[in-house]
Amino acid sequence: MGQDMGQIVGAFTASHSPGITGFPERAEPAQRAAVEGAFADVRNRITELRPDAIIAVSVEHFTNFFLGNLPAFAIGTAGSYLGPVTAEMGAFLGVDQHDYPGHAALGAHLYRHALESEFDPALVEGGLAFDENFCVPLKHLDPDSTIPLVPVIVNGVNPPWPTAKRCYDFGRMIRSAVEAQTAAQRVVVLGTGGLSHWVGMPESGTINEDFDRDFLDRLASGDPRRLTDYTQDQIDVAGNGAHEIRTWLVAAGAAGVAFDTLVYEPVPAWLTGTAVTAARL
Amino acid sequence: MYDLQKLLWDVRKDLDLAQRFRADPDTVLDEYGIAGTERTAMRSLDFKTLYDRGANPYLLYFCALQIGVDRTEYYARLRGEIS
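Residues numbered from 1 in each chain as written. Chains lettered and ligands numbered in written order. Predicted model: local features only at pLDDT ≥ 70, side-chain atom pairs only at ≥ 80, totals over all residues. Heavy atoms only, no water.

Novice: Which parts of the structure should I look at to understand the sheet that holds strand E10 (residues 272-279) of chain A?
Specialist: Strand pairing within a sheet occurs via backbone hydrogen bonds; the two strands may be parallel or antiparallel. Residues and elements named next belong to chain A. Spatially, eight strands are ordered E6-E3-E7-E2-E8-E1-E10-E9 in an open sheet, and the strand pairing comes out mixed. This sheet does not close on itself; its edge strands, each paired only once, are strand E6 (122-124) and strand E9 (259-267). The average angle at which neighbouring strand axes cross in this sheet is 20 degrees, direction not considered. Sheet analysis places strand E1 (residues 7-14) next to E10, joined by three bridges and oriented antiparallel. Each bridged residue has a counterpart across the sheet, and for Phe12 the counterpart in E10 is Ala278. On the sheet, helix H6 (residues 164-178) packs against E1, strand E2 (53-58), strand E3 (73-76), strand E7 (149-154) and strand E8 (186-192) and is oriented at approximately 25 degrees with respect to E3. (Pairing = 2+ DSSP bridges. Helix = DSSP H or I, 4+ residues; strand = E, 2+ residues; numbered from the N terminus. Axes fitted to C-alpha atoms, helices over the stretch in contact; angles between N-to-C directions. Contact = heavy atoms within 4.5 Å.)

As structure tokens, this is what we get:
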């Protein structure tokens, strides 16, 4: 690898429950403090890493895509992204609606590299708006929206879903893409979503702490075989929202190392097993 | 089910449609070609039946909020505690 080629200098994952920014006060104070402390830790680490871009991997909750055309994976190549999608959602999330900068050159490279690597994501050149997927974690991690983004969307909201292995391998492809370009030399990967939660389902409000802790244990092992050893049914036991762990598997594939759990709190008031992790890079 | 889910999605994105649905559900249900059990359920906000028939829970929940059903009522209806 030449001196000027890009590299992944950091990788992080975080939950994106609307409560984290929209109604943090409903959580137990100690839980809120622990979660916000972990976000602050990651914010500081990202600042120190001086990234040229963040490849931000999440789902989207029918904000842009619908069952008439639902990509398993999509890559944004735009120069900017509106978020939250409406002012009403902004009020709900506690995030003022604004434009987030996009890293168009890195996005276009990633899309091309994906195709040449025999992945077939959807291309999104513009019009992609954010919901809690990115707006919630980025409020903590890049509050002034200064770091250009390449959004990657994984279907985590409607079955059938891409397999765990496919998600991990998509992440490995992201790493090879970053290392094959010079437009962005220092790249951070951020995966957002999960852990256990149920949205719009009778079980809503339940948290599957056993599932969450086991997943974090697998993430801490850095063992791809364990990380990808999930059937759809095995994720279903932690709720429809748990399918968002696919975004963490993408981040894990991109990092290729173990992740430390910076915080895990089952927060009923946010309806979510809430965690933040950092790759040992 | 596609037509029903399309209505759920459109309502979420279009407040005018949401208000038209509340004021005159039959006209909107006609426009979307929704009939039978799904029509009856949607008309009476019977989210449990729609959920049991496979409606995506995100779409169902977001539509409910947009037509003025709050979170507590949505989950009560979903669990069959209100019908």
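Novice: Any chance you could explain the packing of aromatic side chains here in plain terms?
Specialist: When we look at a pair of aromatic rings, we describe it by the centre distance and by the angle of the planes. Inspection of every chain in the model, using the stated rule, returns 17 aromatic pairs over all chains. Here the aromatic rings of Phe130 of chain A and Phe134 of chain A are separated by 4.8 Å at their centres, their planes lie at 65 degrees, and the arrangement is edge-to-face. You can call Phe130 of chain A buried: its relative accessible area is 1%. We classify Phe134 of chain A as buried; its relative accessible area is 0%. Pairing Tyr61 of chain B with Phe62 of chain B gives two aromatic rings, centres 6.2 Å apart and planes at 35 degrees, and the pair type is tilted. One exposure class covers both Tyr61 of chain B and Phe62 of chain B, and it is buried. Pairwise contacts between aromatic rings join Phe47, Tyr58, Tyr61, Phe62, Tyr74 and Tyr75 of chain B into one cluster. (Phe/Tyr/Trp six-rings, centres within 6.5 Å; stacked < 30°, edge-to-face > 60°. Buried < 20%, exposed > 50% of the residue type's maximum accessible area, 1.4 Å probe, protein only.)

Novice: What exactly am I supposed to notice about helix H6 (residues 57-66) of chain B here?
Specialist: For an α-helix, 3.6 residues make a turn, and residues three or four places apart therefore share a direction. Residues and elements named next belong to chain B. In terms of burial, H6 is a largely internal element, eight of the 10 residues being buried. Buried residues of H6: Pro57, Tyr58, Leu59, Leu60, Tyr61, Phe62, Cys63 and Ala64, and no others. Buried residues along H6 sit against helix H1 (2-13), helix H4 (36-43), helix H5 (47-52) and helix H7 (71-78). For H6, the capping residue at the N-terminal end is Asn56, with a side-chain oxygen 2.8 Å from the backbone nitrogen of Tyr58. (Polar contact = N/O pair within 3.5 Å; in protein donor to acceptor, adjacent residues only side chain to side chain.)

So yeah, pure geometry; function would need other evidence.
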